[in-house]
Amino acid sequence: MPVDAGPTTRFNPQQMLQRLLYSPFLAQLVVTRRCNLSCGYCNEFDETSPPVPTEVLKRRIEQLEALGTFSLELTGGEPMLHPDIYGLIRHARSRRFHKVMMISNAYLLNEEKVRKLNDAGLDELQISVDGVKPNEVTIKVLDTLRPKLRWVAESARFAVVLSVVLGAAPPQEALEVVEYAKKSGFRPRVLVIHDGDGQMTL
């Protein structure tokens, strides 16, 4: 189970109403543009950028808190490449967010890292799994990720969303990922490939 958020209880009912009416519901914070993979459909990464400095990210987290943001999602690139990712999650959990989440391709996860994410207080992890078998577009598939997903299923105290991207693999493989997610206790989610302008590219 996710760790109790604690600081979120500092809002009185009037403050909570104002927050519901006027504050951002979700903010995504890029902690690094660098990724360990280079999926053919992805335009949200590079192979050279250094991670955003921790102190800069902490200030951004605090500014998002000041705006009353409900949920914060750390993303990239691959956020597990940030050298202080656990500290950033812990810092975010000490602020007044309803939920602290992260998006990852799961390639860098192992049992120890899953436990560290638990200890840092992560509420939810979204893992992108594009299909079942590697192809010319993606290697983020069940055939290569099953051992890591098993560690997550067995050790994670946070919620897990398994996202499949339509267009990265044959449609029947997407259905298999959805079924795998349900059997593993993950929440399935279906996404659609898009270009840099947010347009579908099926």
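Residues numbered from 1 in each chain as written. Predicted model: local features only at pLDDT ≥ 70, side-chain atom pairs only at ≥ 80, totals over all residues. Heavy atoms only, no water.

The next point concerns the overall build of the protein. Along the protein, the regular secondary structure elements total six helices and six strands. Ordering the α and β elements of the protein from the N terminus gives α-β-α-β-α-β-α-β-α-β-α-β. Its C-alpha radius of gyration of 17 Å places the protein within 12% of the 17 Å reference for a compact globule of 202 residues. Taken along its principal axes, the extent of the C-alpha atoms in the protein is 50 × 35 × 35 Å. Here the protein holds 202 residues, and the buried ones make up 47% of them. Only carbon and sulfur atoms are counted for the fraction: they give 53% of the accessible area of the protein, which is about 10,400 Å². Of the side chains in the protein, 25 bear a positive and 24 a negative charge, and the two mean positions are spaced by 6 Å. (Helix = DSSP H or I, 4+ residues; strand = E, 2+ residues; numbered from the N terminus. Rg over C-alpha atoms; globule rule 2.2 N^0.38 Å. Buried < 20%, exposed > 50% of the residue type's maximum accessible area, 1.4 Å probe, protein only. Areas by Shrake-Rupley, 256 points an atom, 1.4 Å probe, with all protein chains shown as cover. Lys, Arg positive; Asp, Glu negative; His and termini not counted. Charge placed at Lys NZ, Arg CZ, Asp CG, Glu CD.)

What follows covers the pairing of strand E1 (residues 26–30). What you see with E1 is a clean split: Ala 27 and Leu 29 sit on the buried side and Leu 26, Gln 28 and Val 30 on the side with no burial. Pairing of E1 with strand E2 (residues 71–75) involves five bridges; the strand directions are parallel. The partner of Gln 28 across the bridge, within E2, is Glu 73. Handedness of the β-α-β unit built from E1, helix H2 (residues 54–66) and E2 comes out right-handed. (Pairing = 2+ DSSP bridges. Right-handed = clockwise from strand over helix to strand, strands pointing away.)

Remark: helix H5 (residues 142–155) packs on helix H6 (residues 171–183), axes separated minimally by 13 Å, with the N-to-C direction vectors making an angle of 10°. Viewed along their axes, H5 and H6 adopt a mutual orientation that is roughly parallel. Contacts between H5 and H6 involve Leu 142, Arg 146, Leu 149 and Arg 150 from the former and Glu 176, Val 177 and Tyr 180 from the latter. Among the residues forming the contact of H5 with H6, the class breakdown is four nonpolar, no polar and three charged. (Axes fitted to C-alpha atoms, helices over the stretch in contact; angles between N-to-C directions. Parallel < 35°, antiparallel > 145°, perpendicular 65-115°, else oblique. Contact = heavy atoms within 4.5 Å. Nonpolar A, V, L, I, M, F, W, Y, C, P; charged D, E, K, R; others polar.)

We now examine the pattern of salt bridges. Evaluation of the coordinates by the stated rule reveals twelve salt bridges. Ionic pairing is found between Glu 112 and Lys 116, a salt bridge with its closest N-O pair at 3.6 Å. With Glu 112 and Lys 116 both in helix H4 (residues 111–120) and four residues apart, this pair spans about one turn of that helix. The salt bridge partner of Asp 130 is Lys 140, with a shortest N-O separation of 3.9 Å. (Salt bridge = Lys/Arg side-chain N within 4 Å of Asp/Glu carboxyl O.)

Next up on the list: a nonpolar patch on the surface. A contiguous nonpolar patch, built from Leu 17, Leu 21 and Tyr 22 and spanning about 350 Å² of accessible area, is present on the exposed surface. For Leu 17, the location among the structural elements is in helix H1 (residues 13–22). The exposure class assigned to Leu 17 is partly exposed, which follows from its relative accessible area of 41%. (Patch = residues over 30% accessible without salt bridge, like charges linked within 9 Å, V, L, I, M, F, W, Y side chains within 5 Å.)

This part takes up the confidence of the model for the protein. Taken over all residues, the pLDDT of the protein has a mean of 89, while the share at 70 or more is 90%. When pLDDT is averaged over each helix and strand of the protein, the minimum, 77, is found for H1 and the maximum, 98, for helix H3 (residues 85–93). Here residues 1–9 scores under 50 on pLDDT; set against residues more than four positions off or in separate chains, the count is 17 contacts. (pLDDT = per-residue confidence, 0-100.)

Our next topic: the environment of Ile 85. In this structure, Ile 85 sits in helix H3. Residue Ile 85 is classed as buried on the basis of its relative accessible area of 1%. When the C-alpha atoms of Ile 85 and Leu 74 are compared, they prove to be 9.0 Å apart, with eleven residues separating the residues in sequence. Those residues in contact with Ile 85, other than ones at most four positions away along the chain, are Leu 74, Pro 79, Met 80 and Met 102.

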